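So you can see what is in the structure, the chains are spelled out below.
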Amino acid sequence: MINYKDLGLVNTREMFAKAIKGGYAIPAFNFNNMEQLQAIVKAAVETKSPVILQVSKGARQYANQTLLRYMAEGAVEYAKELGCKHPEIVLHLDHGDTFETCKSCIDMGFSSVMIDGSHLPYEENVALTKKVVDYAHQFDVTVEGELGVLAGVEDEVSAEHHTYTDPEEVIDFATRTGCDSLAISIGTSHGAYKFKPEQCHVDPKTGRLVPPPLAFEVLDAVMEKLPGFPIVLHGSSSVPQEEVETINKFGGKLEAAIGIPEEELRKAAKSAVCKINIDSDSRLAMTAAIRKVFAEKPAEFDPRKYLGPARDNMEKMYMHKIINVLGSDGKLAE
Ligand code: G3H
Ligand code: 13P
Ligand code: ZN
């Protein structure tokens, strides 16, 4: 048993309480490799932001859970080396699907876990989430639950259509499970294809597609039922069109990739939404930079020569999110 506190990591409790009070959201960025992690840590240090490092089931399979845990421990030391006196870094399991997976992460030093029972019948979701909470809280590890179903793919669970969170269920769910935060469904979804073009209208100024708004009325109703309770938004990549255009210009083929407008996320961040999950935008930033190098310098074969620019592009994107979208910059204790 390794406690995350010994690794210099923190849980989400205080971080979320401050974020709700301060009207900003904590960035939760997924990582699968060293370059993503370096870019996240550099961006968080440069902007003086707390940050959540997320590990999905896919990441655990790709990069190995043990290695990722040591990388997160290394991230704390790296942040200090970069000049951050008191880094606030959470190591979080994203979309945990079983009690055993959550327990295994808690036992090896994760400071926060998500148990995603959103696809289960309500009572089963309650029972599973409570079981994880009861275990996690013994070690002061915080737990995120989920109510409502997001469209798109969440690891192996895929849903064609979303089901908004039912505000009538949230009090019962939060009380009976004891979870520390709640992911809700208000129209976001995973991946780079969040809306069909026919759902969107064209912005006359930019000529770009604008998706329908998120269901803020559902968020408002949830906040009314659970005042001050930490709310999480998954599927919150904006799918920057500049990156999509770069990818397509240099041989990619992303058609009608559409994300959540940043103004909507900015609005959500000012409310009880205190954790915003972003993964796809990092994939796009990385792929765009790599494709550019491959197209412009076809003789290059040193991975550092294309992973380096990819890392720089991701760092720029992370900093932009922190400063201009989530507002978590400057929120670290000096
Ligand atoms: O929830 C979805 C995240 O983007 C993780 O994706 O399962 O492909 O690592 P992944
Ligand atoms: P995106 O696919 O919109 O980046 O969502 C990521 C996510 O929700 C991870 O849990
Ligand atoms: Zn998610």
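Residues numbered from 1 in each chain as written. Chains lettered and ligands numbered in written order. Predicted model: local features only at pLDDT ≥ 70, side-chain atom pairs only at ≥ 80, totals over all residues. Heavy atoms only, no water.

Per an unreviewed UniProt entry, the protein chain goes by fructose-bisphosphate aldolase and derives from Bacteroides intestinalis. According to the UniProt record, the Catalytic activity (unreviewed entry) comment for the protein chain is "beta-D-fructose 1,6-bisphosphate = D-glyceraldehyde 3-phosphate + dihydroxyacetone phosphate". (UniProt positions renumbered as here; feature names shortened; annotations may be inferred.)

Here the focus is the nonpolar core. It is characteristic of soluble globular proteins that their nonpolar side chains tend to be buried jointly. Judged by nonpolar contacts, the single largest core of 88 residues is most densely connected at F31, L53 and I231. Sorting elements by how many residues they give to this core places helix α12 (residues 303-326) first, with 9 residues. Those residues in contact with F31 that sit more than four places away from it in its chain are Q36, L37, I40, L53, Q54, V55, A59, L68, M71 and L91. Counting 9 residues, the second largest nonpolar core, distinct from the first, contains I26, A28, I52 and V90. (Core = buried A, V, L, I, M, F, W, Y, C linked by side-chain atoms within 4.5 Å. Buried < 20%, exposed > 50% of the residue type's maximum accessible area, 1.4 Å probe, protein only. Helix = DSSP H or I, 4+ residues; strand = E, 2+ residues; numbered from the N terminus. Contact = heavy atoms within 4.5 Å.)

Residues annotated in UniProt with the feature "binding site: Zn(2+) 2" (unreviewed entry) correspond here to D116 and E146. The largest pairwise C-alpha distance within this set of annotated residues, which runs over 31 residues, is 5.6 Å, so the set is compact in three dimensions. Note that D116 resides in the loop between β4 (112-115) and α6 (122-137). A residue is classified by how much of its surface remains accessible, and D116, at 6% relative accessible area, is buried. A polar contact is formed between the side chain of D116 and the side chain of H95, at a distance of 2.9 Å. Of note, E146 is situated in strand β5 (residues 142-147). (Polar contact = N/O pair within 3.5 Å; in protein donor to acceptor, adjacent residues only side chain to side chain.)

A large share of strand β3 (residues 89-96) lies buried, amounting to 8 of its 8 residues. When strand β2 (residues 51-55) meets β3, the two strands line up parallel, connected through 5 bridges. From the neighbouring strand, L53 faces β3, where its bridge partner is L91. Judged from the 3 bridges that link them, β3 and β4 form a sheet pairing that is parallel. Residue pairing in the sheet places H92 in a bridge with S112 of β4. Crossover connection from β3 via helix α5 (residues 99-107) to parallel β4: handedness right-handed. (Pairing = 2+ DSSP bridges. Right-handed = clockwise from strand over helix to strand, strands pointing away.)

Below, the discussion takes up the sheet that holds β5. Backbone hydrogen bonds hold the strands of a sheet together, and the pairing may be parallel or antiparallel. Around the barrel, 8 strands lie side by side as β1-β2-β3-β4-β5-β8-β11-β12; this closed barrel has parallel pairing. Across the sheet, the mean angle from the axis of one strand to that of its neighbour is 25 degrees, orientation sign disregarded. The strands that α6 touches are β4 and β5; relative to β5, the one it contacts most, it runs at about 175 degrees. (Axes fitted to C-alpha atoms, helices over the stretch in contact; angles between N-to-C directions.)

We now examine the coordination of the zinc ion (ligand 3). Those protein atoms acting as donors to the zinc ion (ligand 3) are H95 (NE2), H190 (NE2) and H234 (ND1), and they sit at 2.0 to 2.1 Å. Mapped onto the sequence, the residues coordinating the zinc ion (ligand 3) show the spacing H-x94-H-x43-H. Note that H95 is positioned in strand β3 and H190 in the loop between β8 (181-184) and β9 (201-202), a separation of 95 residues in sequence. In this pair, the class of H95 matches that of H190, namely buried. (Donors = N, O, S within 2.8 Å, 3.2 Å for Na, K, Ca; no water.)

Further remarks concern the packing of helix α9 (residues 241-249) against helix α11 (residues 280-296). With their axes 8 Å apart at the nearest point, α9 and α11 run at an angle of 35 degrees to one another. In terms of crossing hand, the pair formed by α9 and α11 is left-handed. Facing α9, whose interface residues are E243, T246 and I247, α11 presents L284, A285, T287, A288 and R291. For the contact of α9 with α11, the per-class residue count stands at 4 nonpolar, 2 polar and 2 charged. (Left-handed = near helix turned anticlockwise from the far one by under 90°. Nonpolar A, V, L, I, M, F, W, Y, C, P; charged D, E, K, R; others polar.)

Moving on, we get to the pattern of salt bridges. When charged atoms on two side chains of opposite charge get close, those side chains can pair. Enumeration over the complete set of coordinates arrives at 23 salt bridges. The salt bridge involving E73 is made with R69; its shortest N-O contact spans 3.1 Å. Separated by 4 residues within a single helix, E73 and R69 lie in helix α4 (residues 65-81), roughly one turn from each other. The partner of E168 in a salt bridge is K225, and the shortest N-O contact between them spans 3.6 Å. Of this pair, E168 sits in the loop between β7 (157-159) and α7 (170-177) while K225 sits in helix α8 (residues 216-225), and the two are 57 residues apart along the sequence. Bridged by salt links that share partners, the residues K5, R13, D140 and D180 form one connected network. (Salt bridge = Lys/Arg side-chain N within 4 Å of Asp/Glu carboxyl O.)

Right, let's talk about the pairing of β5 for a bit. For a regular strand, side chains alternate in direction, first toward one face of the sheet and then toward the other. The element β5 is largely enclosed, with a buried count of 6 among its 6 residues. Burial along β5 is two-sided: the residues T142, E144 and E146 and V143, G145 and L147 are all buried. The pairing of β5 with β8 spans 4 bridges and is classified as parallel. Counterpart to G145 in the pairing with β8 is L182.

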